[in-house]
Amino acid sequence: MTHSGVMPATTRIAGGLLALALGAFFIWGAGFAHAAALHDTAHDVRHAFGFPCH
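Model, not experiment: these values are computed from the prediction.

Student: I'm lost on the overall build of the protein chain in this one. Help?
Tutor: The secondary structure content of the protein chain amounts to two helices and zero strands. Taken over C-alpha atoms, the radius of gyration comes to 18 Å for the protein chain, far larger than the 10 Å a tight globule of 54 residues would show. Taken along the three principal axes of its C-alpha coordinates, the protein chain extends 55 × 30 × 10 Å. When burial is assessed residue by residue, the protein chain has 0% of its 54 residues classed as buried.

Take a look at the structure:
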């Protein structure tokens, strides 16, 4: 028996809704966050990945 690799529609819909909710959360969160909080978060992520920034 071979596997065609096709996911059920409910799995695709659930994945799409999760991606939509996560994207909306990031856009909404960035839109209402203070500029200093966004800068500090980006700065910390840069250091976490090992990129020097100063």
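Student: What should I look at first to understand the packing of aromatic side chains in this one?
Tutor: For any pair of aromatic rings, the description rests on two quantities: the centre-to-centre distance and the angle between the ring planes. What the rule picks out here adds up to two aromatic pairs. Their ring planes at 50° and their centres at 5.9 Å tell us that F25 and F26 sit as a pair that is tilted. In terms of burial, F25 and F26 fall into one category: exposed. Centroid distance W28 to F32: 5.3 Å. Interplanar angle 55°. Geometry classified as tilted. Of this pair, W28 and F32 both sit in helix α1 (residues 9–32), four residues apart, which is roughly one turn of that helix.

The rules behind these values
- Residues numbered from 1 in each chain as written.
- Predicted model: local features only at pLDDT ≥ 70, side-chain atom pairs only at ≥ 80, totals over all residues.
- Heavy atoms only, no water.
- Helix = DSSP H or I, 4+ residues; strand = E, 2+ residues; numbered from the N terminus.
- Rg over C-alpha atoms; globule rule 2.2 N^0.38 Å.
- Buried < 20%, exposed > 50% of the residue type's maximum accessible area, 1.4 Å probe, protein only.
- Phe/Tyr/Trp six-rings, centres within 6.5 Å; stacked < 30°, edge-to-face > 60°.

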